Structure formats: structure tokens, C-alpha cells
Amino acid sequence: MASTDPAASAAQRGSFVRGWPSLVLTVLVVLAALYSFAHRPPPPFPATEVRADGLQVNGLARQGDRYIAVGEQGRILISDQPQGPWREASVGAQRDSTLTDVAFVGDGIAVAVGHDGWILRSEDRGQTWAEALFSSEQSDPFLGLAGPYDGKLYAYGAFGKFWVSADLGTTWQQQPLVEEGADEVASEPAAVDTTAEDYDPFASYTAGASAGGSLADRHLNDMARAADGSLWLVGERGLLAQSSNGGESWKVLDPIYAGSLFGIIELPGGELLAFGMRGHAFVSRDNGASWVASDVPLPLSLFDGAVDGDGNAVLVGASDAVLKSTDKGASFELVSQKDRRGLAAVLPLDDGGWLTGGEAGIKPQQPGIGKADESTRHGEGDAS
């Protein structure tokens, strides 16, 4: 029989009232634990924006609305507009080796080259990259990429490094630099087992390179094709070489300048424009048979060039200098200079400006002169 003692009933009610906070706290702890371990979809993770001015940029490329920039430590940035935002691309095997050049070579297909014989390839407009070539045993860099010319891509660089691809950069073969008129020439590399553990992709090339003439000893800085289909190489110590057979052999020409030439481009009228140290530039209107010095206002080293939408030549170089020629390379004027940091790459933009890459990272620029000091204007800041 239940107790009807009023005092006992009151005690029980009081005990319950005093205990309910602990009971509620226990329930809350249980519910929190259940919530913590319950499955739920993660929140959307936004694309990470990176600082476009936080790295040295050596190469730029554009296809449609996709822009690619490459530079130090193997960094590759992509954007859908020149002003950014820029985001990091995915590199399958990140080697942290500096990348020196990049180009679109097909529909959505891009190739980048750099130090340590490193070549990367992308098939999705630069979003993801797979390794096509790498050698941890060789520190000599690739310095540039050219083509495709008649179905061939060319990667070239320090000490006569010269490789060719016939499948838009998927596979690469080293090609000896055969110099016309040399007493001895480098022979084709012997067939080797490329899957062997001790395989050295540079061994066969290095073995005969010294016999291939001065080309194999010099840095190859840039390459272009003339209107007549001949290929041209420029490099250190005034190197100027021409090939009429797709790079199978080369004729080294008398120097037009004793210093290094850093670039060569073809202009819309078929002219060739070569440029390099201390503001030296030369134009040829006869497929390289003769060259005439351009009138350049500043003795600043010129590292890259391009043709804008109006067919004008644009050159960039030391001390943030952008120079433009409206007379097919005969003369140049300084059209932009904002600071002292050097420029290594340029892409003309549709609005009349340029996307530049260099020591200050990626910079969209418009014509105009900033407050760079007077010594820079006269080229005293260029140590090249």
C-alpha cells in the first residue's frame, strides 16, 4: 500500500526538483555527443584565392578566358580574367623546381617547362597537371617552349638542352644539335631501355654533345619560326642560328650583337624581331638574311615580347619597362613604367593594356609612367 505520509511525499518532490538540473545536463550531453558523431555533408569548400603578387612569375599563357602563370617553386596559377582572382592549379608531382615558360599548344592543352628538365602537361585548361619529363640528376633548366610547328613542340634551354615532342607534349625525345659546317656532329642517341632503374635520359645526349659545335655549349633562350618556315634560335654570346629542316641541323650565323639575346618573335608582316641585353633589338625584313638595329630609348635588358591586337610589337624587361613599336620594330617608345621591379613575361590584353609577370608577380597594366626614379629611366638600374 502506497505511503500517504504528506511529509514523505514532499521530500520526494523536493528531491526530484533538486535533481532535475543534473538530469537535463545529462540529456544535453547525450544529445551533443549524438550530434557530434552524426553524419552530415561537409560545407562547400571555396576555391582558395592566392596572392598574385607573392611570387616570381616567369611565363604567361592565354586561351580564350583562361589565363595561366608559372614561376618559382613550381607554382602554377590560373584565372578566368586578367584581374584575378588567381587560384592554385593542381600539380600531380610537385617538384618545387622553378618553371620558366608555359604555352597553350592545343584546345585546352597546355605545357609548362622549367628547371631540372621538368615538363608538365595539362588537358583541362591548366587546372590539373601531369608530369611528362623530369630528371633529378640534372639541374640544367629548360628556358623556353616553342610550337607546335608542323606538329612538333620544342623545349630548349641551358647548355644546348633541346627536346622535341610530336604528340603535343605527351612524350619527349632529346634531339642532338647538329651544326652545319662543324668538323664533327653529334649522332643520334643510341636506343636505351628507358624503364631501367639506372636510366639517365641525358646520358646519350651528353656523350656526344661537345662534338656538336658551339650550339651545345650555349644557353638557348628563345625560338621562333619565320614566314618562310625556317626555325630560329637565339641565346647567349649573341647566338643566332637558323634551321631549314625542322631542327634537324642548324646554321650558326655571324653575331648581330656580342651580348646575349633573350627573345625572338615574328611580327604580322613576316618581320623577325630579336632582342636582348642593354636594350639591344634588331629587326629583319628578309627572313633573317639581314638585320637592322632598332631605335630603343632605354639601355634596359629586354626579356620577353609579344604582338598586340593592333599588330604592334611589345617588349618588357628590367625596371618594369614596357616598350611598344608601331613601325614594325624600327623604333620603340616607353609606354609604361611604374616601379623598378623587372618583368619577365607579357600578354597583350583586349583593352589595350598588358598582363605582365615578373618580380612583382602578376600585374595587369595600362599605359602610363609612374614615379620610378630618374636613374631607372636612364637604365642605370639595369645590371645586365
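Structure: see above.
Residues numbered from 1 in each chain as written. Predicted model: local features only at pLDDT ≥ 70, side-chain atom pairs only at ≥ 80, totals over all residues. Heavy atoms only, no water.

J.: Help me understand the overall build of the chain, please; the structure alone is not making it clear to me.
T.: When helices and strands are tallied, the chain shows 3 helices and 30 strands. A total of 384 residues make up the chain; the buried ones form 48% of that total. Summarising the internal contacts of the chain: among those between residues at least 6 apart in sequence, 46% fall at separations of at least 24. Accessible surface, the chain as shown: approximately 18500 Å² in total, 53% of it carbon and sulfur. (Helix = DSSP H or I, 4+ residues; strand = E, 2+ residues; numbered from the N terminus. Buried < 20%, exposed > 50% of the residue type's maximum accessible area, 1.4 Å probe, protein only. Contact = heavy atoms within 4.5 Å. Areas by Shrake-Rupley, 256 points an atom, 1.4 Å probe, with all protein chains shown as cover.)

J.: Even after reading the chapter, I still don't get the sheet that holds strand E12 (residues 152-157), so can you show me in this structure?
T.: Taken together, the 4 strands give an open sheet; going across it, the order is E11-E12-E13-E14, and neighbouring strands pair in antiparallel fashion. In the strand order of this sheet, the two ends are held by strand E11 (142-149) and strand E14 (173-174), each with one partner. As defined by bridge partners, E11 adjoins E12 across 5 bridges and the pair is classed as antiparallel. Bridge assignment links tyrosine 149 to a residue of E12, and that residue is lysine 152. (Pairing = 2+ DSSP bridges.)

J.: Explain the pattern of salt bridges here, please?
T.: Opposite charge on two side chains allows them to pair when their charged atoms are near. Applying the stated criterion across every chain, the model contains 16 salt bridges. Glutamate 248 serves as the salt-bridge partner of lysine 152, at 3.9 Å between the closest nitrogen and oxygen. Residue lysine 152 is found in strand E12, and its partner glutamate 248 is found in the loop between strand E17 (240-243) and strand E18 (251-252); the two are separated by 96 residues along the sequence. The partly exposed category is assigned to glutamate 248, whose relative accessible area is 37%. Where aspartate 339 meets lysine 363, a salt bridge forms, and the shortest distance between an N and an O atom there is 3.5 Å. Within this pair, whereas aspartate 339 is found in the loop between strand E26 (333-337) and strand E27 (343-348), its partner lysine 363 is found in strand E29 (residues 361-365), the two being separated by 24 residues in sequence. Connected through shared salt-bridge partners, Asp320, Asp339, Arg341 and Lys363 make up one network. (Salt bridge = Lys/Arg side-chain N within 4 Å of Asp/Glu carboxyl O.)

Interpretation note: all reported values are geometric properties and have no functional meaning in isolation.
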